[in-house]
Amino acid sequence: MKRSVLSATLGLALAAGLAVLPAGAAAAAPAAPAVQGYTASTYAGSAAEAAGNQAFFQAVMAAAKAKQAADPWLRTVTVTYDTANAPSFTSQIASAAQIWNGSVRNVRLQEAGGTGDFSYYEGNDSRGSYASTDGHGRGYIFLDYQQNQQYDSVRVTAHETGHVLGLPDDYSGPCSELMSGGGPGPSCTNPYPDGNERAQVDALWANGLASAN
């Protein structure tokens, strides 16, 4: 939740190509190249964060190109997730998946019986909730207990899931913009992506891949 810590983590994660789960998390998670979190209401973004978001977008593009090369005929993508390591948030995760599935056409979220393409974890972390992801369906989401009590938990979960689908943070956005995260403050409970965010995700996942342009 503390933006200064998360900013440093984002930069280090992008440079090193990985992020580390806090000690209180249930189990080890796969490494992923970028960390995006749920920002505090007092944080309006910075040049460093803007650069981090650009690097995150470039990572999404790289993942999309790899997916295109592997299966050029892919039309619809189902991304699976598992909740075994976030038992306290199964309801919120299901709601977030339902929200995204009702908002976009080119990608579907589906709970896996075992290990999924990405995983949810829960615990305590001074950084708050965050996603460690390539922005194209891989990585993990960490849900922080304290932050999910302070902010609307479904919004937090849907926001972090948006990162897995390729969306970066927009710290100064309005409450109607899901990826504004905690920017509008704890009173903001909107868990739905706006029209622009829905269009971005559909464009990123068009025919199972993101546009390389």
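Position numbers for residues start from 1 in each chain and track the written sequence from start to end. The predicted nature of this model means local features are confined to residues of pLDDT at least 70 and side-chain atom pairs, given and counted, to a pLDDT of 80 or more, with totals for whole chains, interfaces and linings taken over all residues. Side-chain calculation: all heavy atoms of the structure are included, whereas hydrogens and water are not.

1. Digging into the confidence of the model for the protein
For step 1, the next point in the chain: Confidence per residue, as judged by the predictor, is encoded in pLDDT with a range of 0 to 100. In the predicted model, the protein carries a mean pLDDT of 77, and the fraction of residues at 70 or more is 62%.
For step 2, the next point in the chain: For the protein, per-element mean pLDDT is lowest for helix α1 (residues 3-16), which scores 29, and highest for helix α3 (residues 90-101), which scores 98.
For step 3, the next point in the chain: Only heavy atoms enter the contact rule, under which two residues are in contact if any of them lie within 4.5 Å. Across residues 1-18, confidence stays below pLDDT 50; counting only partners more than four residues off in sequence or on other chains, it has 45 contacts.
For step 4, the next point in the chain: Taken together, the stretch residues 40-45 has pLDDT below 50 and engages in 17 contacts with residues farther than four places along the chain or on a different chain. The numbering of helices and of strands both runs from the N terminus, where a helix is a DSSP run of H or I of at least 4 residues and a strand a run of E of at least 2.

2. Things to note about the pattern of salt bridges
For side chains of opposite charge, pairing can occur when their charged atoms come near one another.
For step 1, the next point in the chain: For this analysis, a salt bridge means a side-chain nitrogen from Lys or Arg found within 4 Å of a carboxyl oxygen belonging to Asp or Glu. Summed over all chains, the structure comprises three salt bridges.
For step 2, the next point in the chain: In this structure, the salt-bridge partner of R105 is D202, at a minimum N-O distance of 3.5 Å. Here R105, found in the loop between α3 and β3 (107-111), pairs with D202, found in helix α6 (residues 195-204); they are 97 residues apart in sequence, far enough to count as distant.
For step 3, the next point in the chain: Looking at R105, the relative accessible area reads 64%, which means it is exposed.
For step 4, the next point in the chain: Measuring nitrogen to oxygen at the nearest pair gives 2.7 Å for the salt bridge that ties R127 to D125.
For step 5, the next point in the chain: The exposure class assigned to R127 is buried, which follows from its relative accessible area of 11%. Relative accessible area decides the class of each residue, using a 1.4 Å probe on protein chains only: under 20% of the type maximum gives buried, over 50% gives exposed, and in between gives partly exposed.

3. Here's the deal with α6
For step 1, the next point in the chain: Along α6, the positions that sit buried rather than exposed are E197, V201, D202 and L204. One side of α6 carries all its buried residues, which in axial view fall inside an arc of 165 degrees.
For step 2, the next point in the chain: Two N or O atoms form a polar contact when they lie within 3.5 Å of each other; inside protein one atom must be a possible hydrogen donor and the other a possible acceptor, and for residues adjacent in sequence the pair counts only when both atoms belong to side chains. Here α6 starts with a cap whose side-chain oxygen sits 3.2 Å from the backbone nitrogen of N196, and that cap is D194. Regarding the arc, it is the one traced by the directions from the helix axis to the C-beta atoms.

4. Regarding the state of the cysteines
Two cysteines whose sulfur atoms are joined by a covalent bond form what is called a disulfide.
For step 1, the next point in the chain: Any cysteine sulfur atom paired with another within 2.5 Å is treated as part of a disulfide. Scanning all chains against the criterion turns up one disulfide.
For step 2, the next point in the chain: Each sulfur in the disulfide pair C175 and C188 lies 2.0 Å from the other. Residues C175 and C188 share a disulfide whose torsion about the S-S bond is about 90 degrees; that sign makes it right-handed. Within this pair, whereas C175 is found in the loop between α5 (153-164) and α6, its partner C188 is found in the loop between α5 and α6, the two being separated by 13 residues in sequence.
For step 3, the next point in the chain: With a relative accessible area of 3%, C188 lands in the buried category.

5. Considerations on the environment of G183
For step 1, the next point in the chain: Inspection of the secondary structure assignment puts G183 in the loop between α5 and α6.
For step 2, the next point in the chain: Note on G183: relative accessible area 18%, which makes it buried.

6. Concerning the pairing of strand β4 (residues 118-123)
For step 1, the next point in the chain: The buried fraction of β4 amounts to six of the six residues, a majority that puts the element mostly inside the structure.
For step 2, the next point in the chain: In β4, alternate side chains face the same way, and those of F118, Y120 and E122 on one face and S119, Y121 and G123 on the other are all buried.
For step 3, the next point in the chain: Pairing of strand β2 (residues 77-85) with β4, which is carried by three bridges, proceeds in the parallel orientation. The residue bridging N85 from the neighbouring strand is Y121, located in β4.
For step 4, the next point in the chain: Two strands are said to pair when DSSP picks up at least two bridges between them. Taken together, the six bridges between β4 and strand β6 (residues 139-144) define a ladder with parallel strand orientation. Bridging across to β6, E122 finds its partner in L143.

7. Focus: the environment of S95
For step 1, the next point in the chain: Mapped onto the elements, S95 comes out in helix α3.
For step 2, the next point in the chain: A sequence separation of 63 residues divides S95 from A158, and the C-alpha atoms of the two residues are 8.0 Å apart.

8. Observations regarding the packing of α3 against α5
What describes two packed helices is the angle between their axes and the distance between those same axes.
For step 1, the next point in the chain: Axis geometry follows a simple rule: fit a line to the C-alpha atoms, using only the stretch in contact for helices, then measure angles between N-to-C directions, giving values from 0 to 180 degrees. Between α3 and α5, the least distance of the axes is 8 Å, while the angle of their chain directions is 55 degrees. Judged by the inter-axis angle, α3 sits oblique to α5. When the axes of α3 and α5 are compared, the crossing they make is right-handed. Within the contact between the two elements, α3 uses Q92, I93, S95, A96, I99 and W100 and α5 uses S153, V154, T157, A158, T161 and G162.
For step 2, the next point in the chain: For the contact of α3 with α5, the residue count by class is six nonpolar, six polar and no charged. If an angle is under 35 degrees, it is roughly parallel; if it is over 145, roughly antiparallel; if it lies from 65 to 115, roughly perpendicular; otherwise it is oblique. Handedness of a helix crossing follows the sense of rotation of the near helix relative to the far helix, less than a right angle counterclockwise being left-handed and clockwise being right-handed. Side-chain classes are defined by residue name, with Ala, Val, Leu, Ile, Met, Phe, Trp, Tyr, Cys and Pro counting as nonpolar, Asp, Glu, Lys and Arg as charged, and the others, Gly among them, as polar.

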